[in-house]
Amino acid sequence: MLLYGDHFLLCERFFTRLFRHTPSDAFRLRIGLNAVCRQTAEYVHAIGRRHAGTTIYESPDNIYKGPMSRRMFHEPPIETTWTIWFDDDSYVTRSDWLLGLGVAVETSPSVVMWGALYRVTAGSEVQDFIRSRPWYRGKPFHAEGDEAVIDFIAGGYWPIQTAWLRAL
């Protein structure tokens, strides 16, 4: 879970609903704090004292999502089979959410990542940029008609097999 800025109500909503709808022994928490307000920091540290297995990653400055998530994923390395990511504007809405995810995982073992799927058109400038990056592996772009497209999972909530997260 990554929190940012002066948005205590988002923080409170997420954790209130998480603990309301999820048994606290069913998960370990890693919470990233990017330039959060004092009220959010105090609230999260209180959760850390009450919920065993909580790790808090704090930066007084906004180091942005990528660098903070990298710390959260690797310091120390995640040991669970699945990792679930939440942005601060995401929240749990149902008491059976984790059970439903577990059933989906068990009945679809070839799926490595879940979430809301989106698609964008990748014009020539975007394609050139991607091809110039050191992480580009030479894979061709998916074409739909005459256009290259990129499918992606929305960033606010996604479960992923931890082994794939490490590989990425």
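Just above sits the structure.
First, a word on what this report is: a plain description of the structure on this page. (Residues numbered from 1 in each chain as written. Predicted model: local features only at pLDDT ≥ 70, side-chain atom pairs only at ≥ 80, totals over all residues. Heavy atoms only, no water.)

1. Let's talk about the packing of helix H1 (residues 8-21) against helix H2 (residues 38-50)
Running from N to C, H1 and H2 cross one another at 20°; their axes reach a closest spacing of 9 Å. On the basis of their axis angle, the class for H1 and H2 is roughly parallel. Judged by the sense of rotation from one axis to the other, the crossing of H1 with H2 is left-handed. Here Phe8, Cys11, Glu12, Phe15, Thr16 and Phe19 of H1 lie close against H2, whose contacting residues are Gln39, Thr40, Tyr43, Val44 and Ile47. A breakdown of the residues in the contact of H1 with H2 according to their chemical character gives seven nonpolar, three polar and one charged. (Axes fitted to C-alpha atoms, helices over the stretch in contact; angles between N-to-C directions. Helix = DSSP H or I, 4+ residues; strand = E, 2+ residues; numbered from the N terminus. Parallel < 35°, antiparallel > 145°, perpendicular 65-115°, else oblique. Left-handed = near helix turned anticlockwise from the far one by under 90°. Contact = heavy atoms within 4.5 Å. Nonpolar A, V, L, I, M, F, W, Y, C, P; charged D, E, K, R; others polar.)

2. Considering the nonpolar core
Among the nonpolar cores identified, the biggest contains 19 residues, and Leu3, Phe15, Leu18, Leu29, Ile31 and Val44 are the most heavily contacted of them. Among the elements of the structure, H1, strand S2 (29-34), H2 and helix H4 (97-107) are those that each provide at least two residues to this core. If you tally residues by element for this core, the top one is H1, at four residues. Residues contacting Val44, with those up to four places away along its chain left out, are Leu3, Cys11, Phe15, Ile31, Leu33 and Ile56. Ranked by size, the runner-up nonpolar core spans ten residues in total, among them Met72, Phe73, Ile160 and Leu165. (Core = buried A, V, L, I, M, F, W, Y, C linked by side-chain atoms within 4.5 Å. Buried < 20%, exposed > 50% of the residue type's maximum accessible area, 1.4 Å probe, protein only.)

3. As for the sheet that holds strand S3 (residues 54-59)
Across the sheet, which stays open at both edges, the three strands sit in the order S1-S2-S3 with parallel pairing between neighbours. In this open sheet, the two edge strands, each paired with only one partner strand, are strand S1 (2-4) and S3. Looking at each pair of strands side by side, their axes are set apart by 15° on average, direction ignored. With respect to the sheet, H1 is in contact with S1 and S2, its orientation differing from that of S2 by roughly 175°. Helix-sheet contacts for H2 involve S1, S2 and S3, and the interaxial angle to S3 is about 155°. (Pairing = 2+ DSSP bridges.)

4. What to know about the side chain of His21
By the element assignment, His21 lies in helix H1. Once residues lying within four places of it in the same chain are set aside, the contact partners of His21 are Val92, Thr93, Arg94, Ser95 and Trp97.

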